[in-house]
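Read off the chains here:
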Amino acid sequence: MALHRLFQLSSVLRSAVTLTLRRNIGISAVLFQRAKELDPVQKLFLDKIRDYNSKAKTSGGIVDAGPAYQKNLGEEVTKLQRLYGGGDLNKFPDFKFTGHCCVMRVAS
C-alpha cells in the first residue's frame, strides 16, 4: 500500500517537474531567439514598423494622409454631427442618469 502511494506521488511530482521544465524551456527559447540575428524578412518588417512609428509621432496622426483624406474626414465628421446633434466627436459623452429608481420585488 505504501509502495503504491509512493509511485502515485512520484508520478505527480514527475508531471509537475515536466510542466515546469517545459515552460522554462519555452521562455528560454524566446530569449535565445532574440539574442540571435533576425532573418532578413523579420528585420525588414521590424524596420518598417519602427519607421512608421517614428513618422506617426512626428506627424501627430495618420501617416501620409494627403488633402483628399483630410477633406473626406471633414465631410464625415460634419455628417455625423448633423445626424447626432453636434458635439465634440473626439470626447466620450457624459451620461447623467436622473429619474426614479426601480426596485424589483420578489413575490413570496
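Residues numbered from 1 in each chain as written. Predicted model: local features only at pLDDT ≥ 70, side-chain atom pairs only at ≥ 80, totals over all residues. Heavy atoms only, no water.

(A) A look at the overall build of the protein. Looking only at helices and strands, the protein has three helices and zero strands in total. For the protein, the sequential pattern of α-helices and β-strands runs α-α-α. In the protein, which comprises 108 residues, the proportion classed as buried is 1%. Approximately 10,800 Å² of the protein is accessible, and the part contributed by carbon and sulfur atoms is 63%. (Helix = DSSP H or I, 4+ residues; strand = E, 2+ residues; numbered from the N terminus. Buried < 20%, exposed > 50% of the residue type's maximum accessible area, 1.4 Å probe, protein only. Areas by Shrake-Rupley, 256 points an atom, 1.4 Å probe, with all protein chains shown as cover.)

(B) Molecular detail of helix α3 (residues 67–84). End to end, α3 covers 26 Å across 18 residues, agreeing with the expected 26 Å (1.5 Å per residue, within 8%). Just beyond α3, the residue with positive phi is Gly85, at close to 80 degrees. (Expected span 1.5 Å × (residues − 1).)

(C) A nonpolar patch on the surface, seen in detail. A contiguous nonpolar patch, built from Ile62, Tyr69, Leu73, Val77, Leu80, Leu83, Tyr84 and Leu89 and spanning about 770 Å² of accessible area, is present on the exposed surface. Of note, Leu80 is situated in helix α3. Among the residues examined, Leu80 registers a relative accessible area of 38% and is labelled partly exposed. (Patch = residues over 30% accessible without salt bridge, like charges linked within 9 Å, V, L, I, M, F, W, Y side chains within 5 Å. Salt bridge = Lys/Arg side-chain N within 4 Å of Asp/Glu carboxyl O.)

(D) Fine view of the pattern of salt bridges. The final tally for this structure, using the stated rule, is four salt bridges. Linking Asp47 and Lys43 is a salt bridge whose minimum nitrogen-to-oxygen distance equals 3.3 Å. Taken together, the residues span about one helical turn, with Asp47 and Lys43 both in helix α2 (residues 40–59) at a distance of four residues. For Lys55, the salt bridge is made with Asp51, and the minimal N-O distance between the two is 3.8 Å. Taken together, the residues Lys55 and Asp51, both in helix α2 and four residues apart, mark about one turn of the helix.

(E) Structural view of the confidence of the model for the protein. For the protein, per-residue confidence averages 76 on the pLDDT scale, and 65% of positions sit at 70 or higher. Considering each helix and strand of the protein separately, the mean pLDDT is smallest for helix α1 (residues 2–35), with a value of 65, and largest for α2, with 90. (pLDDT = per-residue confidence, 0-100.)

(F) Molecular detail of unusual backbone geometry. Positive phi is not limited to glycine here, since Asp64 has a value of about 60 degrees. Within the secondary structure, Asp64 sits in the loop between α2 and α3.

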